[in-house]
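# Summary of structural features
Now for the letters of each chain:
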Amino acid sequence: ASTAATSVSISGDISSQLHGGYSHPLTRSWQAERQLTKSMLIYPLFISDQVEEETLIPSLPNQHRRGINKLIPHLEPLVRKGLRSVILFGVPIAQNVKDTLGSAADDPQGPVIQSIRLLRARFPSLFIVADVCLCEYTSHGHCGILRDDGSLNNSLSVDRISDVAMAYAEAGAHCVAPSDMNDGRIRAIKLKLIEAGTAHKVVLMSYSAKFSGCLYGPFRDAAGSCPSFGDRKCYQLPPGGRGLARRAIHRDIQEGADIIMVKPASSYLDIISDAKDIGKDMPVAAYQVSGEFAMIHAAAAAGVFDIKTMAFESTEGILRAGATIVVSYFTPQFLDWLSS
Ligand code: PBG
Ligand code: ZN
């Protein structure tokens, strides 16, 4: 009878047996194409022009807007724990700094250029990304220079954005990342980098597939970059626009982008997968934006799940979709979690 039972099970369907392949924590980790490592993480920083400022952003849990004097003490322990990269957003607080052209964006005394210099000198191995946009610096809060009817003047905006990118690159940013969404800015920046003879040492990361929507609210609280009228729907992509995103990714690769970014991340995993497919020979970054981060915190506070477990699950989803770089407000916590 026992022989009969054995022969029945041997003639059964072997492919139905999956559990053996992931019965151990190590074999479970082998099921993933890629594992989160510290070097995949970019940590967003909001840098105020008030040198001593350190303000908690209520809508963006545990995140602060900091003046340049608070930067080193904040980053020192993180660099010690393995922080590899930051992305810088400037926040002018002083009165009368904003104008219609976003003139303060490339002020040599402004927070971004000053902190690029400081971080380069103080942390030689830290990779510094400078977000490039005008919305933090324009009086109207839009991501470029406007026409009289309130729409973006694309060619003036591209000229200005590419000048700002050059100023950040010249100050020492390893990577410039235009988030403005004006058409043709990648080409304009690449040409200026080539012209300046620095294209070989500056990474150009394009926010290629950046969707409009409600998930940037906490960021705009932190950066003071909410538009004073209208919205960004005529330059950021419509949430349903998968084909449009694919065209934007193709376009930016052709224009000379070195890295493609998709943003937000978790609601746009198909777009991350498209970016990996279209840009199969290049790194793909995903930005887990302020609203996604705040949602996870809110749900954890409501007892829906444990925050660490969800931080890992959401990031694993982003990596599985195809990203190899993740911009995340969880970075300081991941540095601890990935050490233990
Ligand atoms: C500015 C910019 C924004 C973000 C990154 N760069 C805000 C916006 O487009 O309104 C959003 C990041 C986040 O929400 O965490 N152009
Ligand atoms: Zn902007």
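Remember, predicted model here, so these are calculated numbers, not experimental data.

## Regarding empty space enclosed by the protein
- Using the criterion set out here, one finds one cavity of 30 Å³ or more in the structure.
- Approximately 160 Å³ is the volume attributed to the largest cavity.
- Of all the elements in the fold, those that place two or more residues in the lining of the largest cavity are β7 (203-210) and α7 (217-223).
- Of the residues belonging to the lining of the largest cavity, the class tally is ten nonpolar, four polar and six charged.

## As for the coordination of the zinc ion (ligand 2)
- Taken together, the protein donors to the zinc ion (ligand 2) comprise Cys-133 (SG), Cys-135 (SG) and Cys-143 (SG), at separations of 2.2 to 2.3 Å.
- Note that the zinc ion (ligand 2) binds four donor atoms; their angles at the metal cover 99 to 122 degrees, and the shape is tetrahedral.
- In primary sequence terms, the donor set of the zinc ion (ligand 2) follows C-x1-C-x7-C.

## Quick word on the site of ligand 1
- Close to ligand 1 lie 17 residues, the nearest being Lys-210, Arg-220, Lys-263, Ser-290 and Tyr-329.
- With respect to ligand 1, the side chain of Arg-232 contributes an N or O atom lying 3.0 Å from an oxygen atom.
- Within the side chain of Lys-263, a nitrogen or oxygen atom sits 3.4 Å from a nitrogen atom of ligand 1.
- Protein contacts shield 100% of the accessible area of ligand 1, which totals 400 Å² for the unbound molecule.
- Given that more than half its atoms are within 2 Å of the pocket grid, ligand 1 belongs to the largest cavity.
- Residue classes in the shell around ligand 1 are distributed as nine nonpolar, three polar and five charged.

Calculation criteria
- Residues numbered from 1 in each chain as written.
- Chains lettered and ligands numbered in written order.
- Predicted model: local features only at pLDDT ≥ 70, side-chain atom pairs only at ≥ 80, totals over all residues.
- Heavy atoms only, no water.
- 1 Å grid on protein atoms, 1.4 Å probe; cavity = no way out; pocket = protein on both sides within 12 Å on 5 of 7 lines; lining within 4 Å.
- Points joined across faces, edges and corners; volume = space filled by probe spheres on them.
- Helix = DSSP H or I, 4+ residues; strand = E, 2+ residues; numbered from the N terminus.
- Nonpolar A, V, L, I, M, F, W, Y, C, P; charged D, E, K, R; others polar.
- Donors = N, O, S within 2.8 Å, 3.2 Å for Na, K, Ca; no water.
- Tetrahedral: all angles 85-135°; square planar, octahedral: opposite > 155°, others 65-115°.
- Near = heavy atom within 4 Å.
- Polar contact = N/O pair within 3.5 Å; in protein donor to acceptor, adjacent residues only side chain to side chain.
- Areas by Shrake-Rupley, 256 points an atom, 1.4 Å probe, with all protein chains shown as cover.
- Sits in = over half its atoms within 2 Å of the grid points.

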